[in-house]
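These are the residues of each chain, in order.
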Amino acid sequence: MAEISAYFHSGAGHWSRPEELYASPPPWDIGRPQRPFLALADAGAVRGRVLDVGCGTGEHTLMAAGLGLDSTGVDLAGNALDTAREKAHDRELRARFLLHDALKLADLGEPFDTVLDCGLFHIFSDDDRAAFVDSLRSAVRPSGRYFMLCFSDQQPGSQGPRRVTRGEIGAAFADGWRIDSLQPATIDITTDPDGIRAWLVALTRT
């Protein structure tokens, strides 16, 4: 994992310059949706108005747009959003990409039916994690769904971002959410054919 440690945040808070992550393609920018999210889409679980938080270059936002859904991606890396818009144009897909802080989703003033999160939850400190869950709740309709892929404590070694345990996920979403499933998964990256051990979590806002 040493080859990706320079890219992944340790969990201490925000990056000072998110654009630095996309100055060259980071390992998680694989040019396609992650397989667990594709499986959700194929199963019809991604529906309604979709928000992709920490969307990067937009693969999951565009996946939802390809299903004919109203799809929005938010990120703080302007250069990643530029790439996402170019992809949307090239693929003739309609999607919206906004420079916006995932800790301030209430400012969007919009409700969403489905929220996708690949690799955002695990970057947050304890305080920001709680703020993110509050922010997320403000953006998800009652009975809306949140699907998360996050770095797992099952990943060997200590390089990369903060590991997340089952217990931490349960504690973070103890109030106002129902955990529908929490299962091992893999986040594919370009620098390791085995990928990264992750949790795939499906939650419903109660």
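The paragraphs below set out a description of the structure included in this document. Here the structure is a predicted model, which is why all the values come from computation and not from measurement.

### What to know about helix α3 (residues 78-90)
- Here α3 is 13 residues long and its end C-alpha atoms lie 19 Å apart, about the 18 Å a rise of 1.5 Å per residue gives.
- Within α3, burial applies to G78, A80, L81, A84, K87 and A88.
- Taken together, the buried residues of α3 touch α2 (59-66), β2 (71-75) and β3 (96-99).
- A positive backbone phi angle near 55° is found at E92, which sits one or two residues after α3.

### Details of the pairing of strand β5 (residues 140-151)
- As paired strands, strand β4 (residues 112-118) and β5 are joined by six bridges and run parallel to one another. Each residue of the ladder has a partner; that of C118, found in β5, is L149.
- The handedness of the β4 to β5 crossover, carried by helix α4 (residues 126-139), is right-handed.
- Taken together, the seven bridges between β5 and strand β7 (residues 192-205) define a ladder with antiparallel strand orientation. Residue pairing in the sheet places F147 in a bridge with A202 of β7.

### Thoughts on unusual backbone geometry
- If you check the backbone angles, E92 has positive phi at about 55° while not being a glycine.
- Examined against the element boundaries, E92 turns out to sit in the loop between α3 and β3.
- For E92, a relative accessible area of 73% translates into the label exposed.
- The backbone of S143 shows a phi angle near 75°, a positive value even though the residue is not glycine.
- Inspection of the secondary structure puts S143 in strand β5.
- The exposure class assigned to S143 is exposed, which follows from its relative accessible area of 58%.

Thresholds applied
- Residues numbered from 1 in each chain as written.
- Predicted model: local features only at pLDDT ≥ 70, side-chain atom pairs only at ≥ 80, totals over all residues.
- Heavy atoms only, no water.
- Helix = DSSP H or I, 4+ residues; strand = E, 2+ residues; numbered from the N terminus.
- Expected span 1.5 Å × (residues − 1).
- Buried < 20%, exposed > 50% of the residue type's maximum accessible area, 1.4 Å probe, protein only.
- Contact = heavy atoms within 4.5 Å.
- Pairing = 2+ DSSP bridges.
- Right-handed = clockwise from strand over helix to strand, strands pointing away.

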